[in-house]
Amino acid sequence: MAIEDMLDLCPGNITNFEEKLRNFYTEHIHADEEIRYCLEGSAYFDVRDKDDRWIRIWIKAGDLIILPAGIYHRFTLDTGNHIKLMRLFVGEPVWTAYNRPQEDHPARKGYIKSVTEKVGVPLAAH
Ligand SMILES: CSCCC(=O)C(=O)O
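No experiment lies behind these values; they were computed from the predicted model shown.

Trainee: Summarise the environment of Thr76; cite the residues concerned and give the values.
Mentor: Relative to the assigned elements, Thr76 resides in strand E6 (residues 73-77). For the pair formed by Thr76 and Phe45, sequence separation is 31 residues and the distance between their alpha carbons is 6.7 Å. In this structure, Thr76 is in contact with Tyr25, Ala43, Tyr44 and Arg56, ignoring residues within four places of it in sequence.

Structure (structure tokens):
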């Protein structure tokens, strides 16, 4: 069963806006895929490359982003200070964030395993 909700993120629109943004920008993983469709505005999702350097992804209206369970990431608004996102879930919505380090979390282990299998060599993957 697929479920969706809407997040309209801008100052004044959300209770505890600053705290939410601080949490989104703290590096973390989720136990499920993070699926987001951008309807308005823009923002950044950051993920890590294999050398643990940040890769910044700028998403804008019409973009869909899917982050696999267990991948370290963070999120922030850009200077437009607004994004409207559809959050899509497979099954019950789960958005619990587990802050880094999470090397023993099952989702993290699963992510490392899948990346290692795809690349064909063991990776200290991020
Ligand atoms: C505003 S959606 C992206 C932020 C995030 O990573 C989360 O939902 O935990």
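There's more to say after this.
Trainee: Outline helix H2 (residues 106-119), supporting the account with residue identities and numerical values.
Mentor: For an α-helix the count is 3.6 residues per turn, leaving residues at separations of three or four pointing the same way. For H2, which comprises 14 residues, the first-to-last C-alpha distance of 20 Å matches the rise-based estimate of 20 Å (1.5 Å per residue) to within 8%. Within the span of H2, buried status applies to Ala107, Arg108, Tyr111, Ile112 and Val115. Mapping the buried residues of H2 onto a view down its axis gives an arc of 135 degrees, with all of them on the same face. Exposed residues on H2 whose side chains face more than 90 degrees from its buried face are Pro106, Lys113 and Glu117. Lining the buried residues of H2 we find strand E2 (28-29). Of the residues trailing H2, Gly120 is marked for its positive phi of about 90 degrees.

Trainee: An account of the packing of aromatic side chains is requested, with residue identities and associated values reported.
Mentor: In total, this model carries four aromatic pairs according to the counting rule given. Positioned over the ring face of Trp58 is Lys60, at 3.9 Å from the centre of the ring. The residue whose ring lies beneath Arg87 is Trp95, and the NZ or CZ to ring-centre distance is 4.2 Å.

Trainee: Can you break down the pattern of salt bridges residue by residue, with the values?
Mentor: Following the criterion strictly, the structure yields 13 salt bridges and no others. Put simply, Arg48 and Glu27 hold a salt bridge, and the shortest N to O gap is 2.9 Å. Placement of Arg48 in strand E3 (residues 34-48) and of Glu27 in the loop between helix H1 (17-24) and E2 is noted, with a sequence separation of 21 residues between them. No difference in accessibility class separates Arg48 from Glu27, as the two residues are buried. The salt bridge involving Glu103 is made with Arg108; its shortest N-O contact spans 3.3 Å. Assessed through its relative accessible area of 1%, Arg108 is described here as buried. Within the structure, one salt-bridge network assembled from shared partners comprises Glu27, Arg48, Asp52 and Arg100.

Trainee: Account for the site of the ligand, naming residues and giving values.
Mentor: Contacts to the ligand come from Leu7, Phe24, His28, His30, Glu34, Arg36, Phe45, His73, Phe75 and Leu85. One of the side-chain N or O atoms of Glu34 is found 3.0 Å from an oxygen atom in the ligand. Against a free-state accessible area of 290 Å², the protein chains account for coverage of 97% of the ligand. Looking at the shell around the ligand, the elements that each hand over two or more residues are E3 and E6. Top contributing element to the shell around the ligand by residue count: E3, with three residues. Here the shell around the ligand is built from residues that sort into five nonpolar, three polar and two charged.

Trainee: Please provide a residue-by-residue account of the environment of Asn23, values included.
Mentor: In this structure, Asn23 sits in helix H1. C-alpha separation for the pair Asn23 and Thr96, spaced 73 residues apart in sequence, amounts to 11 Å.

Basis of the calculations
- Residues numbered from 1 in each chain as written.
- Predicted model: local features only at pLDDT ≥ 70, side-chain atom pairs only at ≥ 80, totals over all residues.
- Heavy atoms only, no water.
- Helix = DSSP H or I, 4+ residues; strand = E, 2+ residues; numbered from the N terminus.
- Contact = heavy atoms within 4.5 Å.
- Expected span 1.5 Å × (residues − 1).
- Buried < 20%, exposed > 50% of the residue type's maximum accessible area, 1.4 Å probe, protein only.
- Arc of directions from axis to C-beta.
- Phe/Tyr/Trp six-rings, centres within 6.5 Å; stacked < 30°, edge-to-face > 60°.
- Lys NZ or Arg CZ within 6 Å of the ring centre and 35° of its normal.
- Salt bridge = Lys/Arg side-chain N within 4 Å of Asp/Glu carboxyl O.
- Near = heavy atom within 4 Å.
- Polar contact = N/O pair within 3.5 Å; in protein donor to acceptor, adjacent residues only side chain to side chain.
- Areas by Shrake-Rupley, 256 points an atom, 1.4 Å probe, with all protein chains shown as cover.
- Nonpolar A, V, L, I, M, F, W, Y, C, P; charged D, E, K, R; others polar.

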